[in-house]
Amino acid sequence: MRSYEFLDRLPPKRFTRRQRLVLFYALGLVLVVGGYTVVYYAGMRYIEGRPRTVFHSAQIVVETMTTTGYGADSPWSTPAMNVLMVTMQVTGVAIGFVTLRVLVIPLFERTPLHLDDRLSAKDGHVVVAEYERETGVLLDELEQHGTDYVLIESDDDEAKFLSDEGYQVINGDPEDRRDLDRATIERASLLITDTGDRTASVVLTALEANEDLTVVSFTPSTRRTAALAEVGVDRSIAPHALIGQQLAAKATTPVSVEAATGDSAVAIREVLVRHDSPLHGVRVADSPLADHPELTLVAGWFDGEFRLPPSPDERLTSNTVLVVAGPEDAIDDLERATAGVREPRESRHSRVVVAGLGEGGAAAVETLPADVPVTTVDDDPATDPDVVGDVTEPETLRDADIAGASALVVTVDDDATALLTAAMARSIADDVEILVRTTDAEKTSEAFRAGADYVLSTQRVCARLVASEVHGERTVAPVNQIRLVRTSASSFAGNSLGAMRRDTARGWSVVGLVRDGDVYTDGETTIESDDEVFVAGSDEAIQEFERTVGTE
């Protein structure tokens, strides 16, 4: 058993190992002084024949152990009492050395001798074996979700810095079984690896210590997925490819109104929340849409995650796209009332330009529907793009006919290039929808100022992905076409529109009704059996609705 390891098994778990060591030390000191006080009190009364009070006995014990003096009781005439006094003196010297080693020296050095001392006790936690992106973003995400974790960082200075910032970090090599043991890998539930070519070695070493581990690995290329599965990786994630897929899915998620006729004013429209919107940072439950009498929040994109329906606790950020159903004039009023909210295109994209054909760009092209024309741009002829050239040059974008495209997906590797590409494209085509991938999370706001409509940061998406994996959630849900169908209201008779809107667990919502040729969307309206209702949801949810409820 390594030094102080037994402290990991002592409650309470909310204390770090160092805090528990200090508490254990203080408790032991009290017990030693108390024990000597009792023995001295009894010895003076029954052996020396000179009774003393308990408080006087405690004073003599403290004076002896601290070598500050021996009090008025010395000398002692019996051998037993002299042995006791010598024992107390030696004990006091030993405790002094322990105090110096455990408390005084670390206090003046302003750091514990081992970063392990700062770890709280772990059980069922996450072990992160290195992390090649912005580590603070990942650890903040884990702590925000209350996830217990240990990060193994091979760079001593970086580990020291992160530990000083309050993160649960140790310095070490994740390929070394001893360092994995320091992170209590045997009691972990999930291993996150981001170690490049060393992934196989790290995973095999960790599984040898804990064969029940679930392993998630970040990899630079999807081509390694099969090989990593062979060594025990449960899920391989190529961040650039993942974000390319998300941007492509966002660019081509159509919103259709299939059953509405001329007498209806119900529509589904996307509303993009910009960084300067009053809605920025507001929870869905606190937004104007939560209790709007006529509008229904059907779905939303939250930092690359498609939620249908959105959780009331989700916060609206500058990367949020809300899918709203209701009367068109009510949606227009909402947009006019909220400055900084821009309305993206309602229709399906007719042609998409993909700038950058690396791992992310190739994944975006593969994700785009077969019936959507694509123009690819890259400065490397080896990638076989439609247009060869620098995407930051206006001539290259004009050759790609950016003005005639409905969307531009920017997946270049350099953030500065991505921002300049967005700005150049916006100057040429004011109405094109620009979707950008950045590496640095702090570049998101700059990308918006450069003209982007939608931005995903590799750092932020990866951090969200890890947090979601811990909680068993699916981070990237399949994106389906959102549909609006018109059907008989007989199954909903007697319910109010507001009550039907709030019941979103089924994946579809009743957003309005038609009665005698007039459309009603007010939440207080009671549905009658002769009415017709508009039901909105994903294509899959609407198909389930049609099977279980039926349409007329």
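Details of the structure are given in the entry above.
Here goes a summary of the coordinates provided. These figures come from a predicted structure and were not determined experimentally. (Residues numbered from 1 in each chain as written. Predicted model: local features only at pLDDT ≥ 70, side-chain atom pairs only at ≥ 80, totals over all residues. Heavy atoms only, no water.)

Glancing now at the overall build of the chain. When its secondary structure is counted, the chain shows 17 helices and 21 strands. By the burial criterion, 51% of the 552 residues in the chain qualify as buried. Long-range contacts, defined as pairs at least 24 residues apart, comprise 65% of the intrachain contacts of the chain with a sequence gap of at least 6. Accessible area for the chain stands at about 24,800 Å²; split by element, carbon and sulfur atoms hold 51% of it. (Helix = DSSP H or I, 4+ residues; strand = E, 2+ residues; numbered from the N terminus. Buried < 20%, exposed > 50% of the residue type's maximum accessible area, 1.4 Å probe, protein only. Contact = heavy atoms within 4.5 Å. Areas by Shrake-Rupley, 256 points an atom, 1.4 Å probe, with all protein chains shown as cover.)

A few words on the packing of helix 9 (residues 239-251) against helix 15 (residues 458-470). In contact at an axis separation of 10 Å, helix 9 and helix 15 are set at 95° when each is read in the N-to-C sense. With respect to their mutual orientation, helix 9 and helix 15 come out roughly perpendicular. Residues Pro239, His240, Leu242, Ile243 and Gln246 of helix 9 pack against Thr458, Val461, Cys462 and Leu465 of helix 15. For the contact of helix 9 with helix 15, a count of residues per class yields 6 nonpolar, 3 polar and no charged. (Axes fitted to C-alpha atoms, helices over the stretch in contact; angles between N-to-C directions. Parallel < 35°, antiparallel > 145°, perpendicular 65-115°, else oblique. Nonpolar A, V, L, I, M, F, W, Y, C, P; charged D, E, K, R; others polar.)

Another point: the pairing of strand 12 (residues 352-355). Alternating positions in strand 12 separate into two faces, Val352 and Val354 on one and Val353 and Ala355 on the other, with burial throughout. Two elements, strand 12 and strand 13 (residues 374-378), share 4 bridges in a ladder whose sense is parallel. Counterpart to Val354 in the pairing with strand 13 is Thr376. For the handedness criterion, the β-α-β arrangement of strand 12, helix 11 (residues 359-367) and strand 13 is classed as right-handed. Pairing between strand 12 and strand 15 (residues 407-410): 4 bridges, direction parallel. In the sheet register, Val352 faces strand 15, and the bridge partner there is Ala407. (Pairing = 2+ DSSP bridges. Right-handed = clockwise from strand over helix to strand, strands pointing away.)

What follows covers the packing of aromatic side chains. Scanning the model with the defined rule gives 1 aromatic pair in all. Centroid distance Tyr131 to Phe218: 6.1 Å. Interplanar angle 75°. Geometry classified as edge-to-face. Of this pair, Tyr131 sits in the loop between strand 1 (126-129) and helix 4 (135-144) while Phe218 sits in strand 5 (residues 214-218), and the two are 87 residues apart along the sequence. Exposure remark for Phe218: the relative accessible area of 2% places this residue in the buried category. (Phe/Tyr/Trp six-rings, centres within 6.5 Å; stacked < 30°, edge-to-face > 60°.)

Our focus in this paragraph is the sheet that holds strand 1. The sheet built from 6 strands is open, its strands ordered 3-2-1-4-5-6 with parallel pairing. Looking at which strands have only one partner, the edges of the open sheet turn out to be strand 3 (169-171) and strand 6 (235-237). When the angles between neighbouring strand axes are averaged without regard to direction, this sheet yields 20°. Across 3 bridges, the pairing between strand 5 and strand 6 is parallel. Directly across from Phe218, in strand 6, lies its bridge partner Ile237. Relative to strand 2 (residues 149-153), helix 4 is tilted by about 165°, and along the sheet it contacts strand 1, strand 2 and strand 3.

Moving on to the nonpolar core. With 43 residues, the main nonpolar core has Val128, Leu138, Leu139, Ile192, Phe218 and Val409 as its most contacted residues. Sorting elements by how many residues they give to this core places helix 9 first, with 6 residues. By size, the runner-up hydrophobic cluster in this structure holds 25 residues, among which are Ala355, Ala400, Ile402 and Leu408. (Core = buried A, V, L, I, M, F, W, Y, C linked by side-chain atoms within 4.5 Å.)

Next up on the list: the pattern of salt bridges. Here the structure, examined in full by the defined rule, presents 18 salt bridges. For Glu130, the salt bridge goes to Arg198, with nearest N and O atoms at 3.2 Å. Here the residue Glu130 occupies a position in the loop between strand 1 and helix 4, and Arg198 occupies one in the loop between strand 4 (190-193) and helix 7 (199-209), the gap between them amounting to 68 residues. We classify Glu130 as buried; its relative accessible area is 7%. Of the residues examined, Arg198 reaches a relative accessible area of 28% and is grouped as partly exposed. Taking the shortest distance from any N to any O, the salt bridge between Asp531 and Arg515 comes out at 2.7 Å. Linking Asp531 in the loop between strand 20 (518-520) and strand 21 (532-538) with Arg515 in strand 19 (residues 508-515), this pair joins segments that are 16 residues apart in sequence. Across this residue pair, the class does not change: Asp531 and Arg515 are buried. (Salt bridge = Lys/Arg side-chain N within 4 Å of Asp/Glu carboxyl O.)

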